[in-house]
There are 4 protein chains.
Amino acid sequence: MTGNTFGKAFSLRTFGESHGKGLGGIIEGCPAGIVLDFDKIQTELNRRKPGQSNIVTQRKEEDEVVFYSGIFEGKTTGTPIGFLIHNKDEKSKDYDHIKETYRPSHADYVYDKKYGFRDYRGGGRSSARETVCRVVAGAIAKQIIPNIRFTAYVSGVGELQLNSTYKELDFSQIEQNKVRCPDTQMASEMETYIKQIRKEGDTVGGIVSCVIENVPIGLGEPVFDKLHAELGKAMLSINAVKGFEYGSGFEGAKMKGSTHNDLYNTDGTTQQNYSGGIQGGISNGMDIYFKVAFKPVATLMQSQKSITKDHKETTVEGKGRHDPCVVPRAVPIVENMAAIVIADFFLRNKLIV
Amino acid sequence: MTGNTFGKAFSLRTFGESHGKGLGGIIEGCPAGIVLDFDKIQTELNRRKPGQSNIVTQRKEEDEVVFYSGIFEGKTTGTPIGFLIHNKDEKSKDYDHIKETYRPSHADYVYDKKYGFRDYRGGGRSSARETVCRVVAGAIAKQIIPNIRFTAYVSGVGELQLNSTYKELDFSQIEQNKVRCPDTQMASEMETYIKQIRKEGDTVGGIVSCVIENVPIGLGEPVFDKLHAELGKAMLSINAVKGFEYGSGFEGAKMKGSTHNDLYNTDGTTQQNYSGGIQGGISNGMDIYFKVAFKPVATLMQSQKSITKDHKETTVEGKGRHDPCVVPRAVPIVENMAAIVIADFFLRNKLIV
Amino acid sequence: MTGNTFGKAFSLRTFGESHGKGLGGIIEGCPAGIVLDFDKIQTELNRRKPGQSNIVTQRKEEDEVVFYSGIFEGKTTGTPIGFLIHNKDEKSKDYDHIKETYRPSHADYVYDKKYGFRDYRGGGRSSARETVCRVVAGAIAKQIIPNIRFTAYVSGVGELQLNSTYKELDFSQIEQNKVRCPDTQMASEMETYIKQIRKEGDTVGGIVSCVIENVPIGLGEPVFDKLHAELGKAMLSINAVKGFEYGSGFEGAKMKGSTHNDLYNTDGTTQQNYSGGIQGGISNGMDIYFKVAFKPVATLMQSQKSITKDHKETTVEGKGRHDPCVVPRAVPIVENMAAIVIADFFLRNKLIV
Amino acid sequence: MTGNTFGKAFSLRTFGESHGKGLGGIIEGCPAGIVLDFDKIQTELNRRKPGQSNIVTQRKEEDEVVFYSGIFEGKTTGTPIGFLIHNKDEKSKDYDHIKETYRPSHADYVYDKKYGFRDYRGGGRSSARETVCRVVAGAIAKQIIPNIRFTAYVSGVGELQLNSTYKELDFSQIEQNKVRCPDTQMASEMETYIKQIRKEGDTVGGIVSCVIENVPIGLGEPVFDKLHAELGKAMLSINAVKGFEYGSGFEGAKMKGSTHNDLYNTDGTTQQNYSGGIQGGISNGMDIYFKVAFKPVATLMQSQKSITKDHKETTVEGKGRHDPCVVPRAVPIVENMAAIVIADFFLRNKLIV
């Protein structure tokens, strides 16, 4: 009821605050007998971790995951997978200045109102550090469905917007630059822009696009748990996300049916794919693609007006090390949350026949 | 696991196909002792029902709800509320032409692939008629939280887009026109446009905007069940929806933090509201507002190429009575799904203290 | 959260009070493509219905089930199965005398305390009439797993206890007598005894035993959802049940390990079956057997002291038509609840490999 | 779906095998602001731990719990409580002899059949060591509802059965002897008997009784989640449990209604309490009491015939340190599982009004 569990057949429950002893989770429902590739899990964590380049936060967190159960002799046993990521770089004194202050557009104020008090160190449970557990679970989810390919990339940073469709892009370039934008020219502009934003002590929002290829037909449930509804929830549950659209998205709302309808080829594929690979909430075998909008990070390296717990005026300024733009590190989070959703539906589909 | 249940503390499970005997649902978790206003429930159903004006489908469905349980002497008893809406206008012969044919951008094809066969009459379970049950539940949800005001309206039909913010609009005008657009000038243009689209045998997409006012601080759960994540899922689970954004939405992704951050007033309200009334997944007491993108209805009154079950080429043309644009009738669906989400979080909040 | 839903993969949510318009339910998770035998469903309902013999209540309820959805051309579609049983014999005036009175060992008092008021007609939601929905769902569950055989029977009425093991009994006799006891001599004694009890205006408790044969190895989950834990919950959720034991049960608590351990045959079967077909919460392919204890029905046809809503002394005496002993009619309820549990685990097992 | 989660409003998910790195869990739904008494938690763990006396297993496990989250400055924050108990005494070589052998009445065989293989060290996930996590969660649950008193005790070891009702017993004696039987004379006999059983290399079953005092009226849900149904499931989910009865239990099945009905006093209490404090699934404010039957431990220190993975005949004999009788250590497990159930219903009750 308190919303720390995601998924039904493949299900992740997480715990942990950014400045406690550690974060972790329990995965229920991973099938038995999967030979896990632990390097792949660590690779995903490394893509998410702070300090990987000079356009993201310079915090050093190693983010090593320790598995406690559910794996025996390298294979999943079908029992719950418990895991832990220790917090090693706990500079909670970085946060003493916000103990009594509500940072604008953070969750400080609402936590105090909801729970009566809060763990003020680094945002506590509302910290984006919580997503590290999602990446672990997603990296395992991917190994349940190894034939399905998840590719996320940055398609917007502030006003810099990539206008190409995903078909026109060279995905092999994504991990070749710090921004994780497959268009190298655009990536370079974005990088320059982010550096400038950081110099200003400011932050900027962005867009992550994601494509899921080689999806079997039939995933998704027809009413409340439509495939895109769960994907949407998964994405909107990531810190800083403000919007989600799939297939034709908001542009589709401007179109006529005679243009928008995806006509069939005789093999069951469609000529266009405005549907975004999903019809009636169920995958149709075409590529699934969607976009996720991230707001600018709320922590600024400049002074802002705010209020104290006692509702007095004050000012607050970010300390420590923060991302000027969250989207490069959000790429693996988006991908791995998508993998959790698809693995869950993949398993749920076994129940229907 | 098959996704016909929505909500946790206040929870709706639905059943029913568009051309079976009827549709219905069971609401679990409605608190005891609420004196229900049945007229309000019927009013919501009337706002959703077909045939209300000449810009929506001309099907006549009375959509009278019969309650079977959970209510005694006009009050909720705390036990499950079972309800039924009989299907009265079951012209299933209207659908004989699609028995062997997959309509483009409908769910026919994926149902056959997922389940092995399908109820082909009127889309079966994938029909938007399923939303009638959501409206019943939403109309009850609203009565659990009578002080919270839900207002949805049409803000876009095809290229016709309302650019005013919700603060500039006169909500009292919404129900005064067939389109349910609060700007009467725009409403008139939209109406004309929809009529033209219908004449062409075509359809067009649109946008529904929604505002939730007078929300208590503290609703929503911090991680997976963020308030906007559940709202997003609720909206994306409505037929034909392609996108969801709240607060600054996709525009927010272009902004800088120094602009986007909502600075506090000393009373805890904020000067702007780019956050859309939600911070860290939890309501902050400011208005919640969001937009929902609907694709054009897939059933056209014109001939389209398609394929048969045997993967032969064929053509298909809509028969019966269909909406040229779904958004006017989607307005109460959006509102009532929002009410279900908020009532659920309102109840869940009782558990935390 | 209000506990009107049972099962995870195969899941039943019910509604309905004994003297409202009707009772019904929604089954989620029934796989697609099952050709339903409706006669079998009605047969189960007939076994449960009142008025079938002179040792059970003489109320006449036809208990015809109407299916609203989820079935097309005789086959399940994989979408939710909504069903309704109308209440036809609603003599709610039979209950006017208890409007202001709390019947001893009924739920009247606790309902008023929990919910603030209650539907006092016939026990409302706490009536055993609620179990009619379970029988419908169980009768469908059985058709998902047609090879598994469920056999319940009466093994005790008051002090009359059947001492034979189930292996020594002739199950074909169960439906040949009114008591549903497979030992015809004992059945006759029980029948005589129940008639005498009824004459006294009294009631008596009893035991239902149940055997599940031909269960595949591997059903059940190892920790909280052990097969016998779910079976136990299922049985304990039936009205009037006071105890549950499986395999060696309470007698097993007196035994030594050297006697109790079930030694293996080389084919994996065991020489005895004190385990009751379940080891570590998981079926081992041997017969599952268990016993369910039912208390005497609380409604007596004799005057008893009680209290009013205002906590004044009063007397209360049963009116209408009630069972002197509930176990003959409980036999199909036990069987069908067992079928729901086993079907649920049968489906859940598909997720693990 | 794999059944490693228990509870709805107060919910525990666990992980861990007996010979992996550790066991742990995540509690969701613990309300915010509770000042936790950590000594009480450790005391409960100490009551359960091996090696506390010479009638239980001599394994040394310290069972220290480490909390990772959800607690800040000594108080619960309302976010999930993650905890871990490291396995320190991992002599997995003790189990090499069962790598290829199925121990009688253990879960070895069914695990192999269900999952395809198993973690054979110490029973893996099916080890009773898993209950250590339940004790942690129960010890926290008790602190949510400090006014409710949970008292379990041993009332039977083999044929030695305590015939007194709980009212006749002196609960202060329970922790004064190794058996945890409040009757000191009987405790002494039981202790002697258990020592003799151990000398024989055998094991013996037993009964744990439990009483819950000072329960508010109104806990429990009327249909599937009856208070006693959840209690029953909770108990039956504990390793080695074969039966559950509450109130009059199996004896109640022999009684007449005129004897069994609990007549009211004018204050709403009842003169007797055959109902066991629960009517219609809902607590009535009287004491809740129930019995739990435990089979003899399956691991014997004597040679038994068995089979190998290849279905060859073999013999197996227990190695390492095992309990000759499980009930003394089961006492805190029963109590703490009861506390989880009651705390869950206590919270769920907040939703209904």
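Residues numbered from 1 in each chain as written. Chains lettered and ligands numbered in written order. Predicted model: local features only at pLDDT ≥ 70, side-chain atom pairs only at ≥ 80, totals over all residues. Heavy atoms only, no water.

Trainee: With reference to specific residues and values, describe the relation of the copies chain B and chain C.
Mentor: Least-squares fitting of chain B to chain C yields an RMSD of 0.0 Å, with the superposition described by an axial translation of 0.0 Å and a rotation of 180°. Interpreted geometrically, this transformation is the action of a two-fold axis. The share of interface residues of chain B whose copies in chain C are also at the interface is 100%, consistent with both copies meeting through the same surface. (Least-squares fit on C-alpha atoms with pLDDT ≥ 70 in both. Contact = heavy atoms within 4.5 Å.)

Trainee: So, the interface of chain A and chain B: which residues are in play, and what are the values?
Mentor: At the interface, 110 residues of chain A touch 110 residues of chain B. Across the chain A to chain B interface the summed buried area is about 8,600 Å²; carbon plus sulfur atoms make up 62%. Where chain A touches chain B, the interface holds eight salt bridges. For A:Glu230, the salt bridge identified is with B:Lys233, shortest N-O distance 2.7 Å. Taken together, the residues that form the side of chain A that touches chain B break down as 44 nonpolar, 40 polar and 26 charged. Relative to strand 12 (residues 241-246) of chain B, strand 12 (residues 241-246) of chain A is paired through three bridges, and the arrangement is antiparallel. Opposite A:Phe244, over in strand 12 of chain B, you have B:Phe244 as the bridge partner. (Buried area = accessible area lost by both parts, 1.4 Å probe. Salt bridge = Lys/Arg side-chain N within 4 Å of Asp/Glu carboxyl O. Nonpolar A, V, L, I, M, F, W, Y, C, P; charged D, E, K, R; others polar. Pairing = 2+ DSSP bridges. Helix = DSSP H or I, 4+ residues; strand = E, 2+ residues; numbered from the N terminus.)

Trainee: So what about unusual backbone geometry? Which residues, and what values?
Mentor: All names here are of chain B. For Glu73, which is not a glycine, the phi torsion comes out positive at approximately 55°. Relative to the elements of secondary structure, Glu73 occurs in the loop between strand 5 (71-72) and strand 6 (75-76). Glu73 gets classed as exposed once you look at its relative accessible area, which sits at 59%. Of note, the phi angle at Ser105 is positive, near 60°, even though the residue is not glycine. Within the secondary structure, Ser105 is located in the loop between strand 8 (101-102) and helix 2 (108-115). (Buried < 20%, exposed > 50% of the residue type's maximum accessible area, 1.4 Å probe, protein only.)

Trainee: Account for the packing of helix 1 (residues 38-48) of chain C against helix 8 (residues 327-348) of chain C, with residues named and values stated.
Mentor: Residue and element names in this part refer to chain C. At a minimum axis distance of 7 Å, the contact between helix 1 and helix 8 shows a crossing angle of 135°. One way to sum up the angle between helix 1 and helix 8 is to call them oblique. For the pair helix 1 and helix 8, contact is made by Glu44, Arg47 and Arg48 and by Arg329, Val331, Pro332, Ile333, Glu335 and Asn336, respectively. (Axes fitted to C-alpha atoms, helices over the stretch in contact; angles between N-to-C directions. Parallel < 35°, antiparallel > 145°, perpendicular 65-115°, else oblique.)

Trainee: Go over the sheet that holds strand 9 (residues 149-157) of chain A with me, naming the residues and quoting the values.
Mentor: One open sheet accounts for ten strands, arranged 10(A)-9(A)-11(A)-15(A)-12(A)-12(B)-15(B)-11(B)-9(B)-10(B); its pairing is antiparallel. Edge strands, defined here as strands with exactly one partner in the open sheet, are strand 10 (160-161) of chain A together with strand 10 (160-161) of chain B. Bridge count for strand 11 (residues 206-213) of chain A against strand 15 (residues 288-294) of chain A is seven bridges, and the pairing is antiparallel. Within strand 15 of chain A, the residue paired with A:Val211 across the bridge is A:Tyr289. Packed onto the sheet, helix 8 (residues 327-348) of chain A meets strand 9, strand 11 and strand 15 of chain A and runs at close to 145° relative to strand 9 of chain A.

Trainee: Run through the sheet that holds strand 2 (residues 11-16) of chain A, naming residues and quoting values.
Mentor: All names here are of chain A. Spatially, 1-2-3-7-4 is the arrangement adopted by the five strands of the open sheet, whose pairing is antiparallel. With partners counted over all chains shown, the strands left at the sheet margins are strand 1 (5-6) and strand 4 (65-67), one partner each. Where strand 1 and strand 2 come together, two bridges link them in antiparallel fashion. Paired with Phe6 across the two strands is Leu12, which belongs to strand 2.

Trainee: Lay out the packing of aromatic side chains in plain terms, naming residues and giving numbers.
Mentor: Following the criterion strictly, the structure yields 50 aromatic pairs over all chains and no others. A centroid spacing of 5.3 Å and a plane angle of 75° characterise the contact between B:Tyr102 and B:Tyr109, whose relative ring orientation is edge-to-face. The two residues B:Tyr102 and B:Tyr109 agree in class, both being buried. Each residue in the set A:Phe38, A:Phe67 and A:Phe83 is aromatic and connected to the rest through ring pairs, giving one cluster. The ring centre of D:Phe117 lies 4.2 Å from the NZ or CZ of A:Lys75, which sits over that ring. (Phe/Tyr/Trp six-rings, centres within 6.5 Å; stacked < 30°, edge-to-face > 60°. Lys NZ or Arg CZ within 6 Å of the ring centre and 35° of its normal.)

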